[in-house]
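Working through the structure, step by step
Listed below, chain by chain, are the residues.
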Amino acid sequence: MKINKLILAIGTTAMVLTTSCKTKELVQQQHTTTHTTTETTITYNGKALTNETLDGNWIITQALGSDVIGDGSVHIIFDTKDGIVIGNNGCNTFNGKLNIGNANQMSFSDCITTLMACRPEVTDGNVMMALGRTTHYTVLTEDKQETTIALLDDNNIIVATLTRDPHNLLNGVWNIISVDGSKVHLEPMPSIAFDINSGTFSGNSGCNYMNGNINYDSSEINFAVRLTDAVSTRRMCEPKAMEIEDKVLNTINKVDAFRVINDKRIELYNTDNNHNNIVLERQ
């Protein structure tokens, strides 16, 4: 995953605050409001995730014992290769260093945040304090549908809960093995590649090459996804390939969600009628 190091989109009137995420003092940004919290101690199970699983976008669902509240998506993106994080605390964007040690050791340092004014109920202060207290993490759930981790402090107290954005499951190259209930028998197989970080897809629809954009709302943890602005080349192929291609392109325009079938297969579908389905198998 390629993330430009320590880059923020800051308006001309925005302010920037440099702070250390790694601190045991519960000092929050001056413009934020402290929220009442309930601390939960957890038995540390020592289970660790691979860097490949850690990398990507995570939704922050709780911070310091309270559900997070934000004006948009409250999230953090891990980049273990470059050792950085970027994210949004519910009001302001932030970035900083990601420090990964042995086993489950994890901490954050040298954070930079914007300083836009926030609504009193927004929990941006809790989010930043939680990151500052983090010394390690533990895995709460890990399966094909959901991966959840808890960020912990020195006393194994949960300071934040993170759920991996399910749209990361789409990343990669997939063969199109079925369209609207009909199995695809072509050689080579039509395929589609998703790049969640860039918000784009590309592939071969059976005859021509296609590409377009991926749209979803990451402020909600669900499996909604739309493939928009699809365009393709226009060469002629044998009738069977053209027929499959027409079905693929028509179905892509109607997709608004996906679901996991098993470790290798997912299904794109339309939620209104549960039809217009495309079954994909990972290459």
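Structural data are supplied above this passage.
All residue numbers refer to positions counted from 1 along the written sequence of the respective chain. For this predicted model, a pLDDT threshold of at least 70 governs which residues receive local features, and a threshold of 80 or more governs which side-chain atom pairs are given and counted, while totals over whole chains, interfaces and linings are taken from all residues. For the side-chain quantities, the full set of heavy atoms in the structure was used; hydrogens and water were omitted.

**A word on the nonpolar core**
- What we call a nonpolar core is a set of buried Ala, Val, Leu, Ile, Met, Phe, Trp, Tyr and Cys residues that are connected through their side-chain atoms within 4.5 Å. For each residue, the accessible area found with a 1.4 Å probe, counting protein chains only, is set against the maximum for its type, and the residue is called buried under 20%, exposed over 50%, and partly exposed in between. One finds I76, F78, F108, L151 and L162 to be the most contacted residues of the largest nonpolar core, which totals 28 residues.
- Only runs of H or I of at least four residues qualify as helices and only runs of E of at least two qualify as strands under DSSP, and these elements are numbered from the N terminus. Listed by contribution, the elements that provide at least two residues to this core are β3 (56-63), β5 (75-79), β7 (93-100), β8 (106-114), α2 (124-133), β9 (136-142), β10 (147-152) and β11 (157-164).
- Ranked by residues supplied to this core, first place goes to α2 with five residues.
- Counting 27 residues, the second-largest nonpolar core is a separate cluster that includes M210, F258, V260 and L280.

**Topic: the pattern of salt bridges**
- One speaks of a salt bridge when a side-chain nitrogen belonging to Lys or Arg is within 4 Å of a carboxyl oxygen belonging to Asp or Glu. Applying the stated criterion to the full structure yields seven salt bridges.
- Among the ionic pairs, R119 bridges to D71, the shortest N-O distance being 2.6 Å. Taken as a pair, R119 in the loop between β8 and α2 and D71 in the loop between β4 (66-67) and β5 lie far apart in primary sequence, 48 residues in all.
- Classification of R119 as partly exposed rests on a relative accessible area of 34%.

**A word on helix α3 (residues 239-252)**
- One fewer than the residue count of a helix, multiplied by 1.5 Å, yields its expected span. The terminal C-alpha atoms of α3 lie 20 Å apart, and with 14 residues this matches the ideal 20 Å at 1.5 Å per residue to within 8%.
- Those residues of α3 lying buried are A241, M242, I244, E245, V248, T251 and I252.
- Residues are treated as being in contact if the distance between any of their heavy atoms lies within 4.5 Å. Where α3 is buried, its residues meet β12 (172-179), β14 (191-195), β15 (200-204), β16 (209-215), β17 (226-232) and β20 (278-282).

**Notes on the state of the cysteines**
- In this description, a disulfide is simply a cysteine sulfur pair whose atoms lie within 2.5 Å. By the definition in use, this model includes two disulfides.
- What pairs with C91 in a disulfide is C118, and their sulfur atoms sit 2.1 Å apart. The sign of the S-S torsion, about -95 degrees, decides the handedness of the disulfide formed by C91 and C118: left-handed. With a gap of 27 residues between them, C91 in the loop between β6 (84-88) and β7 and C118 in the loop between β8 and α2 connect regions that are remote in the sequence.
- Here C91 falls in the buried class, since its relative accessible area comes to 11%.
- Each disulfide pairs two cysteine sulfurs, and for C207 the partner residue is C237, the sulfurs being separated by 1.8 Å.

**Brief notes about the layout of surface pockets**
- Size it by volume and the largest pocket reaches roughly 660 Å³.
- Definitions used throughout: a 1 Å grid over protein atoms alone; a cavity as a set of points that fits a 1.4 Å probe which cannot get out; a pocket as an open set with protein on both sides within 12 Å along at least five of seven lines; a lining residue as one with an atom within 4 Å of a point. Along its surface, the largest pocket is lined by 25 residues, and E52, R164, N168, L169 and R282 are the ones closest to its centre.
- Following the grouping adopted for this structure description, the nonpolar residues are Ala, Val, Leu, Ile, Met, Phe, Trp, Tyr, Cys and Pro, the charged ones are Asp, Glu, Lys and Arg, and the polar ones are all others, Gly among them. Of the residues assigned to the lining of the largest pocket, the class counts are six nonpolar, nine polar and ten charged. Grid points are joined across faces, edges and corners, and a volume is the space filled by probe spheres set on the points.

**Looking at the side chain of D55**
- Here D55 is to be found in the loop between α1 (51-54) and β3.
- When charges are tallied, Lys and Arg are placed among the positive residues and Asp and Glu among the negative ones, while His and the ends of the chain are skipped. Despite being buried, D55 has no salt bridge partner; R164 is the closest side chain of opposite charge, sitting 7.4 Å away.
- In terms of polar contacts, D55 uses its side chain to reach the backbone amide nitrogen of T80, at 2.7 Å. Think of a polar contact as two N or O atoms within 3.5 Å of one another; within protein, one of them needs to be a possible hydrogen donor and the other a possible acceptor, and neighboring residues in sequence only count if both atoms come from side chains.

**Section: the pairing of β5**
- Most of β5 sits inside the fold, with five of its five residues counted as buried.
- Neither face of β5 is left uncovered, since the one carrying H75, I77 and D79 and the one carrying I76 and F78 both have all their residues buried.
- In this description, strands pair whenever DSSP reports at least two bridges between them. Two elements, β3 and β5, share four bridges in a ladder whose sense is antiparallel. Bridge pairing links G56 to F78 in β5.
- Connecting β5 to the next strand, β6, in antiparallel fashion are four residues, including G83 with a positive phi near 70 degrees.

**Some thoughts on empty space enclosed by the protein**
- Under the criterion given, the structure shown has one cavity of 30 Å³ or more.
- One number sums up the size of the largest cavity: a volume of about 40 Å³.
- Together, I60, I76, V127, A130, L131, L151, A160 and L162 line the largest cavity.
- Taken together, the residues of the lining of the largest cavity break down into eight nonpolar, no polar and no charged.

**Looking at the environment of N171**
- Positionally, N171 belongs in the loop between β11 and β12.
- For N171, a relative accessible area of 24% puts it in the partly exposed group.
- Among all residues touching N171, those that are not within four sequence positions of it are F194, D195, I196 and R282.

**As for unusual backbone geometry**
- Across the junction of E187 and P188, the peptide omega takes the value 0 degrees, indicating a cis bond.
- Structurally, P188 is set in the loop between β13 (182-183) and β14.
- In this structure, A103 is a non-glycine residue whose phi angle is positive, near 55 degrees.
- Looking at where A103 falls in the secondary structure, it is placed in the loop between β7 and β8.
- Look at A103 and you get exposed, because its relative accessible area is 59%.

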